[in-house]
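Architecture and fold: a report
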Amino acid sequence: MRTLSGVQSSGKLHIGNYYGAIRQFVQLQDESEAYYFIANLHALTTVRDPKLALELTREAAVAYLALGVDPKKAVLFRQSDVREVLELYWILGTVVPHSNLERAHSYKEKVAKGISPDFGLFAYPVLMAADILLYSADAVPVGKDQIQHVEFARDWAVKFNTEYVPGYDPADPDGKERGHTPGILKLPSARIQESTQTVPGVDGKKMSKSYGNTIELFGDEKEIKKRIMSIKTDSTPVDAPKPVPEGKPADPSVASDVPLYDLLKLLLPESEFKDVDASWRAGGKGYGDYKKKLLEAYHATFGPARQRHAELVSDPAELERILKDGADRARAEATRLMDKIRRAVGIP
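This section reports on the structure supplied with the text. Here the structure is a predicted model, which is why all the values come from computation and not from measurement. (Residues numbered from 1 in each chain as written. Predicted model: local features only at pLDDT ≥ 70, side-chain atom pairs only at ≥ 80, totals over all residues. Heavy atoms only, no water.)

1. Overview of the overall build of the chain
Threshold: What counts as a helix is a DSSP run of H or I of at least four residues, what counts as a strand is a run of E of at least two, and both are numbered from the N terminus. Only C-alpha atoms enter the radius of gyration, while the globule expectation follows 2.2 Å times N to the 0.38, with N the number of residues. Should any heavy atoms of two residues lie within 4.5 Å, those residues are considered in contact. Surface accessibility follows the Shrake-Rupley procedure with a 1.4 Å probe radius. Residue values consider only the protein chains on display as shielding.
Along its length, the chain carries 13 helices and five strands. The C-alpha radius of gyration of the chain comes to 22 Å, within 12% of the 20 Å expected for a compact globule of 348 residues. Projected onto its principal axes, the C-alpha positions of the chain cover 75 × 45 × 40 Å. A sequence separation of at least 24 residues applies to 78% of the contacts in the chain between residues at least 6 apart. Per element, the accessible surface of the chain, about 17,000 Å² overall, is 51% carbon and sulfur.

Here you go:
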């Protein structure tokens, strides 16, 4: 099985990126043929400073490596180093219905927030589909909010195969039945990690760079402490039992009504969280005590990765070597597929 996913280099990575994506990447590199990329072309929809774009791309690559992605096991590369993705982006776009892009959740959400609806934002799902399809991925680890993008990739792969592959049958995409031809573009499946698909930020909303509510993975220690100590809580007295999350929050924009509790549950080992949960429900401790506990858990969880991060940052030549090697391996796969696609559509 081949898995593929990536993280957009539009800001500093935070613990939501780790629990929502990168931790799963590290697990999957031992279970499958893994392709992981830094989506620096996607980031151009929001990052318009070239120096910052370069810095954030390198930072994302360092973060992958520091958190356990092993370039000997997985193919790690910059999206922009494999130019074939842009060729597939255009060819695939010629079969994409305009109506699909108009109903894309990510597009509607960003426009609702006041972000300018330029071409890059509108066509974002097509580039994401090209990322997925170019490497013939079987599984794409994504959060719940990204499922639609994988569904689009499947639908558009079917449309392309139907248009350009004689004998292709959408009901038999792998050509297992006699008389049917397998598609050039493989149909991927979304892989969801239900328990950690949404990580709350310090304000209770989904942790996101766009909300400014993140706890960075490799930020300044003082700033990390400041963020954790600022996590939103209510006015429950010290001696009283604290509220426990009960099901899904009523407000769809909120990831957790009690973000401190959910973050403790996420970062602490199960045995330690049981003790915290018991004292939380019994009362007798203030929120400040629990925030200090979360800060300790943060350093226990990410301390080794932060040290590795510092070592990698000090050796940019090694980082570049790793990314170039990954790009060479990724391009080998991309070139094979694009040769088939060019022949299919009549491009010499």
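Anyway, onward from the coordinates.
2. Focus on the environment of Pro173
Definition in use: Relative accessibility under 20% of the residue-type maximum defines a buried residue, over 50% an exposed one, and the middle range a partly exposed one, all with a 1.4 Å probe and only protein chains included.
As for its placement among the helices and strands, Pro173 is situated in the loop between α8 (147-164) and β5 (189-191). Residue class for Pro173 comes out partly exposed when judged on its relative accessible area of 24%. Beyond its immediate sequence surroundings of up to four residues, Pro173 is in contact with Tyr168, Pro182, Gly183 and Leu187.

3. Here's the deal with the nonpolar core
If you look at soluble globular proteins, the nonpolar side chains tend to sit buried side by side. Our working rule: Among buried residues, the Ala, Val, Leu, Ile, Met, Phe, Trp, Tyr and Cys ones that are joined through side-chain atoms within 4.5 Å form a nonpolar core.
Among the nonpolar cores identified, the biggest contains 56 residues, and Ile15, Tyr36, Ile215, Leu264, Leu267, Trp280 and Phe302 are the most heavily contacted of them. It is helix α12 (residues 287-313) that contributes the most residues to this core, nine residues altogether. The contact partners of Tyr36, leaving out residues within four places of it in the chain, are Thr3, Ser5, Phe25, Leu28, Gln29, Tyr64, Val69, Ala74, Val75, Leu76 and Phe77. Residues Tyr35, Ala137, Trp156 and Ala327 belong to the second largest nonpolar core, which totals 49 residues.

4. Focus on the pairing of strand β2 (residues 33-39)
Selection criterion: Seen with the strands pointing away from the viewer, any crossover whose path from the first strand over the helix to the second strand runs clockwise is right-handed. A pair of strands is considered paired only if DSSP assigns at least 2 bridges between the two.
Across the seven residues that make up β2, a large majority, six, are buried. After leaving strand β1 (residues 2-8), the chain enters helix α1 (residues 15-28) and then returns to the sheet as β2, a path that is right-handed. Pairing geometry for β2 and strand β3 (residues 74-78), over five bridges, is parallel. What sits directly across from Tyr35, in β3, is Val75. The parallel pair β2 and β3 is bridged by helix α2 (residues 50-66), and the resulting crossover is right-handed.

5. Quick word on helix α13 (residues 316-345)
Put simply, the rule is: To estimate how far a helix should extend, the number of its residues minus one is multiplied by 1.5 Å.
Given a rise of 1.5 Å per residue, 30 residues ought to cover 44 Å, and the 41 Å separating the end C-alpha atoms of α13 matches this to within 8%. Buried within α13 we find Leu319, Ile322, Leu323, Gly326, Ala327, Ala330, Glu333, Ala334, Leu337, Met338, Ile341 and Arg342. Where α13 ends, the next residue or the one after it, Gly346, has phi of about 90 degrees, a positive value.

6. Focus on α1
Taking 1.5 Å of rise per residue, the 14 residues of α1 would be expected to cover 20 Å, and the 18 Å separating its terminal C-alpha atoms lies within 8% of that figure. With 10 of its 14 residues buried, α1 lies for the most part within the structure.

7. So, the pairing of β3
Taken across its five residues, β3 has five buried, putting it largely inside the fold. The side-chain alternation of β3 yields two buried faces, one formed by Ala74, Leu76 and Arg78 and the other by Val75 and Phe77.

8. Let's talk about the layout of surface pockets
In this approach the atoms are scanned with a rolling probe the size of a water molecule, which exposes any empty space left behind. The criterion, for reference: Using a grid of 1 Å spacing that covers the protein atoms alone, one calls a set of points a cavity when a 1.4 Å probe fits there but cannot get out, and a pocket when the set is open and has protein on both sides within 12 Å along at least five of seven lines; lining residues are those with an atom within 4 Å of a point. Grid points are joined across faces, edges and corners, and a volume is the space filled by probe spheres set on the points. Any residue that is not Ala, Val, Leu, Ile, Met, Phe, Trp, Tyr, Cys, Pro, Asp, Glu, Lys or Arg is counted as polar, Gly included; the first ten are nonpolar and the last four charged.
Considered as a void within the structure, the second largest pocket measures approximately 220 Å³ in volume. Forming the boundary of the second largest pocket are 16 residues, of which Ser136, Ile184, Lys186, Leu337 and Lys340 lie nearest the centre. Here the lining of the second largest pocket takes four residues from α13, the largest share from any one element. Of the residues belonging to the lining of the second largest pocket, the class tally is eight nonpolar, two polar and six charged.

9. Here's the deal with the side chain of His42
One can find His42 in the loop between β2 and α2. With residues near it in sequence (within four places) discarded, His42 still touches Gln8, Gln79, Tyr124, Leu127, Met128 and Asp131.

10. Quick word on the side chain of Thr214
Within the secondary structure, Thr214 sits in the loop between β5 and α9 (221-229). Classification of Thr214 by relative accessible area gives buried; the value is 9%. Residue contacts for Thr214: discarding those within four places in its chain leaves His14, Met207, Ser208, Lys209 and Arg227.

11. Some thoughts on the environment of Gln79
Our working definition: In protein, a polar contact means a hydrogen-donor-capable atom and an acceptor-capable atom, both N or O and within 3.5 Å, with residues adjacent in sequence counting only if both atoms are side-chain atoms; elsewhere, any N or O pair within 3.5 Å suffices.
Assignment of secondary structure puts Gln79 in the loop between β3 and α3 (84-93). Taking the C-alpha atoms as reference, Gln79 lies 5.7 Å from Ile38; in sequence the two are 41 residues apart. Setting aside chain neighbours within four positions, we find Gln79 in contact with Phe37, Ile38, Ala39, Asn40, Leu41, His42, Val85, Leu127 and Asp131. Within polar-contact distance, the side chain of Gln79 engages the backbone nitrogen of Leu41 at 2.8 Å.

12. Observations concerning the pattern of salt bridges
What counts here: Salt bridges are defined by distance alone: a side-chain nitrogen of Lys or Arg within 4 Å of a carboxyl oxygen of Asp or Glu.
For the coordinates displayed, the defined rule picks out 20 salt bridges. As a salt-bridge pair, Arg78 and Glu320 come within 2.6 Å of each other at their nearest N and O atoms. Here Arg78 is found in strand β3, whereas its partner Glu320 is found in helix α13, with 242 residues between them in sequence. Residue classification places Arg78 among the buried residues on the basis of a relative accessible area of 13%. The exposure class assigned to Glu320 is partly exposed, which follows from its relative accessible area of 36%. Here Asp328 ties to Lys324 by a salt bridge, and the two come within 3.3 Å at their closest N and O atoms. Of the two residues, Asp328 and Lys324 are both situated in helix α13; the distance of four residues between them amounts to about one turn of the helix.

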